[in-house]
Amino acid sequence: MNVATSAPASATASNARRAGMAMAASGAILFSAKAILAKLQYRYGVDSLQVLALRMAFSLPLFAALGIRETHRARARKALPSRRDLGWIVILGVLGYYLSSLLDFWGLEYVPVSLERLILFLNPTIVLLIGLFAFKRKVAGKEWIALAVSYAGVVLVMVENLRVQGDHVLFGSALVLGAAISYALYLAMSGELIKRLGTMQLVAYAMIVSTAAVMTHYLIARDPAALFGLPWQVYALAAANAVFCTFLPVTFTMAAVARLGAGTAAQFSVIGPVSLVFLGAWVLGEKITLIQLIGTAVVLGGVVLLSRPGANSVPLPSK
C-alpha cells in the first residue's frame, strides 16, 4: 500500500521538478532576449527612451491585471501594503525598473548584447558588495574568489570588444554597469517587502510605478506624438518585448521558484548570457571571438561559485 501510494507521489514530484527546470531555463533565455529585440528596434531609427517607453506601455496592462489579482489575494489574507510600504515600492520601482532599464537600453546603443548581459550578470557580486559596505555583512573567502573571477571575465570580454569595436564600448559599458548597480540596489533593498507582500505583488506594483516614471520622463523630454507613426515593426518588437521578455519571464521564474526553490531556480540564470552570445551572433550578426567565449566562461564560473551551497545566498539577476 505504501509502495503504491509513494510511486505516484514520486512521479508527481519528478514531473513538477522537470516543469520547474523548463520554466527556469525559459525564463532566463527570455529575460536575456530583450536585448536582442531592443537592438532590432534601433535599426528603425528609434532611441533607448522610445524603446523603453513602448516596452513599458505594452506591458502595463499585464502587470496591472497581475496587481489587481495580487491585491485581491492580499486583502483576503490581510497583507495589503502600508503607507510606508507604498513609499518603498515607489523607491524600488524607480530604481529597479525605471532607472536600471533606462541605463540598460541606453547602453545597448553602444555595446553588443553579449557584453551587456555579462555586465548585468554581475548583479549578485554587486549585491554582495552593497551588503559589505552598507550593511557591514561579512564576506567569506570563497565569495572574494567569486568576485575576482567574475570581474576578471568581464574585463577580458570588454578589452576584446574595445579592440573589435572601439572606444564607444567604454561609455556603453559604464551605462550598463550603472543599470546593474541600480538593479542591485533594488534587490538589496527589497528583501523585507518581499517577506511581507510576496514577490508577485511587489513586482506588479513596482512595474506600475516604473511605467509611470518612464512615461513622465518621456512627456518631459519628448513630444508624445513621436511615439506614434513609427514603423509597424517597432510596435511588433515592443509588444514581443513586453510579453515574452518582460511579463512571461517574471511568471516563469516565480513558478520555477515554487517548484524548485529559489537556490536551484537561480542556477538556471547562467543560461541567459550563454544564450545571448549565440543569439547575438545568429540574429544580429555579432562576431564571436575565442577571447569572448573564454571571458563568458570565466564570468559564469564566478557566478556558479558564488551560488554554490556553502556560499552566502545572493539573488541572481532576473531583469
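None of these values were measured; they are calculated from a predicted model.

**Focus on the confidence of the model for the protein**
The predicted coordinates should not be examined in detail at positions where pLDDT is low.
Next up, step 1: On average, residues of the protein carry a pLDDT of 81, and 82% of them reach 70 or more.
Next up, step 2: Here helix α11 (residues 262-267) is the element of the protein with the lowest mean pLDDT, 58, and helix α2 (residues 48-76) is the one with the highest, 94.
Next up, step 3: Counted against residues more than four places away or in other chains, residues 312-318, with its pLDDT under 50, gives 23 contacts.

**Here's the deal with the environment of G67**
Next up, step 1: Assignment of secondary structure puts G67 in helix α2.
Next up, step 2: Expressed as a C-alpha distance, the spacing of G67 and A204, which sit 137 residues apart in the sequence, is 5.0 Å.
Next up, step 3: Ignoring anything within four residues of it in the chain, the contact list for G67 reads A204 and Y205.

**Quick word on helix α3 (residues 83-107)**
Next up, step 1: Relative to the 36 Å expected for 25 residues at 1.5 Å per residue, α3 spans 35 Å between its end C-alpha atoms, a close match to the ideal helical length.
Next up, step 2: At V94, α3 shows its maximal bend, which comes to roughly 30 degrees.

**Details of the environment of I271**
Next up, step 1: Structurally, the position occupied by I271 is in helix α12 (residues 271-284).
Next up, step 2: Spatially, the C-alpha atom of I271 lies 9.1 Å from that of S32, the residues being 239 residues apart in sequence.
Next up, step 3: Apart from residues lying up to four places away in sequence, I271 is in contact with A25, A28 and I29.

**Structural notes on unusual backbone geometry**
Next up, step 1: At K78, a residue that is not glycine, the phi angle is positive and equals roughly 55 degrees.
Next up, step 2: As for its placement among the helices and strands, K78 is situated in the loop between α2 and α3.
Next up, step 3: The exposure class of K78 is exposed, given its relative accessible area of 80%.

**A look at the packing of α3 against helix α9 (residues 199-221)**
Next up, step 1: Packing of α3 against α9 leaves a shortest axis separation of 7 Å and a crossing angle of 60 degrees. Taken as axis vectors, α3 and α9 run oblique relative to one another. In this structure, α3 crosses over α9, and the sense of that crossing is right-handed. Facing α3, whose interface residues are I89, V90, L92, G93, V94, Y97, Y98 and L102, α9 presents L202, V203, Y205, A206, M207, V209, S210, A213, V214 and H217.
Next up, step 2: Looking at the contact of α3 with α9 residue by residue, the class counts come to 15 nonpolar, three polar and no charged.

**Digging into the packing of aromatic side chains**
Next up, step 1: The full count for this structure, using the stated rule, is six aromatic pairs.
Next up, step 2: When the centroid spacing of 5.3 Å and the interplanar angle of 75 degrees are considered together, the rings of F63 and F247 count as edge-to-face. A residue pair is termed long-range when its members are at least 10 positions apart, and F63 in helix α2 and F247 in helix α10 (residues 232-260) qualify at 184 residues.
Next up, step 3: When its relative accessible area of 1% is taken as the criterion, F63 is described as buried.
Next up, step 4: Among the residues examined, F247 registers a relative accessible area of 16% and is labelled buried.

Analysis parameters
Residues numbered from 1 in each chain as written. Predicted model: local features only at pLDDT ≥ 70, side-chain atom pairs only at ≥ 80, totals over all residues. Heavy atoms only, no water. pLDDT = per-residue confidence, 0-100. Helix = DSSP H or I, 4+ residues; strand = E, 2+ residues; numbered from the N terminus. Contact = heavy atoms within 4.5 Å. Expected span 1.5 Å × (residues − 1). Bend = angle between axes of the 7 residues up to and from the residue. Buried < 20%, exposed > 50% of the residue type's maximum accessible area, 1.4 Å probe, protein only. Axes fitted to C-alpha atoms, helices over the stretch in contact; angles between N-to-C directions. Parallel < 35°, antiparallel > 145°, perpendicular 65-115°, else oblique. Left-handed = near helix turned anticlockwise from the far one by under 90°. Nonpolar A, V, L, I, M, F, W, Y, C, P; charged D, E, K, R; others polar. Phe/Tyr/Trp six-rings, centres within 6.5 Å; stacked < 30°, edge-to-face > 60°.

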